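# Architecture at a glance
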Amino acid sequence: MTTAEKVFTVIMAVNTLIAIAYYIWGCIIQTAEGEKKPFKEQKKTQEKVREDRKKALGKAHKGQEKASEEQQESPKKISGQAQADPEPEEEPEQEVSPPEQRLSRTGYLFKALVILLCPVVGILFFLVTQLMYVLFFRTKADLTDVIFGKDKVVANRKADEDSERNRVPIEEALAVADKESLRSLVMDVVKGDVYKSLATISLALNSEDTETSHYAASVLRDTLNDFRQKSQELYNALHKGDENAADIACTLMEYMNEVLCQEVFPDMEQKAFVEMMEEAGDWLYKSEENRYRLTCEYIEWIALRLLGTKQYDKMKTWCGRCMEMYPEELPSYTIQLKLYFSIQDKENFFGTMNRLKESDIVIDRDTLDLIRVFN
């Protein structure tokens, strides 16, 4: 037997003895100190620690409030009056520390197998990790100020008064050619919901400041291209006849109305998108199972978009559908008033107005102002 073989044999024998001794030592510890406590008992102990911490913090807050109240009251002391005996201080409850975690016999067996199958390397690995734990991770964290609760925390941010005071409407910034205010205003608009601010951004296209107009044009181009793509995808999905076609139709109308109401497209393209939106509503109306999902608000959106593109015949059809489905809703009358006013049909306009006044429908401020003007 060579020297190398003798050394290897000795190392394997010593490694095997260490693994066996480690496992026996673990079994002795488990037998002497008892088996590891169940998880439920540990969980109860941790919950008790958390409750004690909450109680301690509550007592501290109550003590501070009581001290502040006594300072505010500041009662006058009368000479010769006997002072009341101080209340005995409550002894602080001793904090229950969670039990130290011990390995089970399975854990000791697993480590012994690692030492046995990985001679020298396994021993070095466990020694190094134990040393790192003792040096860096054994310090207990200070959790006295931590409250383990699920209460919602609302952070109140202070308003930036300087920036709010210096803001001006984009129309005024364009009128006076204030480049600095216009650029900062466009940047603030872009940081928010771009889809709701397309009409405002489109005003900056006519700015004399080339940087502002170029930036507004790039934002509009990217946003409108994204709108075209998503609208076409939803439109194609609607005509595939999927089970979720009703959801797709509602999503398409909501998504398109948010942009089409701002009228940022050319006339032909605006008309094409309005027809796509009108087809989605028409699909819901003709579907007996899903007609209930065609709300009065959806019909009002479709009618107003048709009015914007001067498609009066289609709008008249939707006015009749709205009155058929929702005769007791205000939009059923307001869209008819807007239609008859646009086509200069005085007879039907005043007839609709009289029916609205005779009904029990609550009239909003805008419609009331419209009635007062024509009366």
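So, a few notes on the structure that sits alongside this text. If you're wondering where the values come from, they're calculated on a predicted model, not measured in any experiment.

### Re the nonpolar core
Ranked by internal contacts, the top residues of the largest apolar core, which has 57 residues, are Phe227, Met253, Met256, Leu260, Leu294 and Met315. Mapped by element, the contributors of at least two residues to this core are helix H8 (198–203), helix H9 (210–238), helix H10 (245–260), helix H11 (267–286), helix H12 (296–308), helix H13 (312–325), helix H14 (331–342) and helix H15 (346–358). The biggest single contributor to this core is H10, with eleven residues. In this view, Met253 contacts Met277, Ala280, Gly281, Leu284, Leu294, Tyr298, Trp301 and Ile302; residues no more than four positions away in its chain are not counted. Counting seven residues, the second largest nonpolar core, distinct from the first, contains Tyr22, Ile29, Tyr108 and Ile115.

### Structural notes on the pattern of salt bridges
In a structure, side chains of opposite charge can pair up when their charged atoms sit close to one another. The final tally for this structure, using the stated rule, is six salt bridges. With its nearest N and O atoms 2.4 Å apart, the salt bridge here joins Glu269 to Arg228. Within this pair, whereas Glu269 is found in helix H11, its partner Arg228 is found in helix H9, the two being separated by 41 residues in sequence. Residue classification places Glu269 among the partly exposed positions, given a relative accessible area of 22%. The salt bridge partner of Asp282 is Arg321, with a shortest N-O separation of 3.0 Å. Of this pair, Asp282 sits in helix H11 while Arg321 sits in helix H13; the two residues are 39 residues apart in sequence, bridging distant segments of the chain. The pair formed by Asp282 and Arg321 is uniform in burial state, with each residue classed as buried.

### Let's talk about the packing of H12 against H14
Relative to each other, H12 and H14 sit at 10°, their axes nearing to 10 Å. One finds that H12 runs roughly parallel with respect to H14. Facing H12, whose interface residues are Cys296, Glu300, Ala303, Leu304 and Leu307, H14 presents Pro331, Thr334, Ile335, Lys338 and Ser342. Counted by class, the contact of H12 with H14 contains six nonpolar, two polar and two charged residues.

### Quick notes on the environment of Gly26
Assignment of secondary structure puts Gly26 in helix H1 (residues 3–33). With 86 residues separating them in the primary sequence, Gly26 and Ala112 have C-alpha atoms 9.8 Å apart.

### Section: the environment of Glu328
With respect to the helices and strands, Glu328 occurs in the loop between H13 and H14. Residue Glu328 is classed as exposed on the basis of its relative accessible area of 60%. In the structure, Glu328 is positioned 33 residues away from Ile361 in sequence and 6.6 Å away in space, judged by C-alpha atoms.

### Examining unusual backbone geometry
The phi dihedral of Glu263 is positive, around 55°, even though this residue is not glycine. Position of Glu263 relative to the elements: it lies in the loop between H10 and H11. Backbone geometry places Gln344, a non-glycine residue, at a positive phi of 60°. In this structure Gln344 comes out as exposed when scored by relative accessible area, which is 59%.

Calculation notes
- Residues numbered from 1 in each chain as written.
- Predicted model: local features only at pLDDT ≥ 70, side-chain atom pairs only at ≥ 80, totals over all residues.
- Heavy atoms only, no water.
- Core = buried A, V, L, I, M, F, W, Y, C linked by side-chain atoms within 4.5 Å.
- Buried < 20%, exposed > 50% of the residue type's maximum accessible area, 1.4 Å probe, protein only.
- Helix = DSSP H or I, 4+ residues; strand = E, 2+ residues; numbered from the N terminus.
- Contact = heavy atoms within 4.5 Å.
- Salt bridge = Lys/Arg side-chain N within 4 Å of Asp/Glu carboxyl O.
- Axes fitted to C-alpha atoms, helices over the stretch in contact; angles between N-to-C directions.
- Parallel < 35°, antiparallel > 145°, perpendicular 65-115°, else oblique.
- Nonpolar A, V, L, I, M, F, W, Y, C, P; charged D, E, K, R; others polar.

The values are spatial; any link to function lies outside them.
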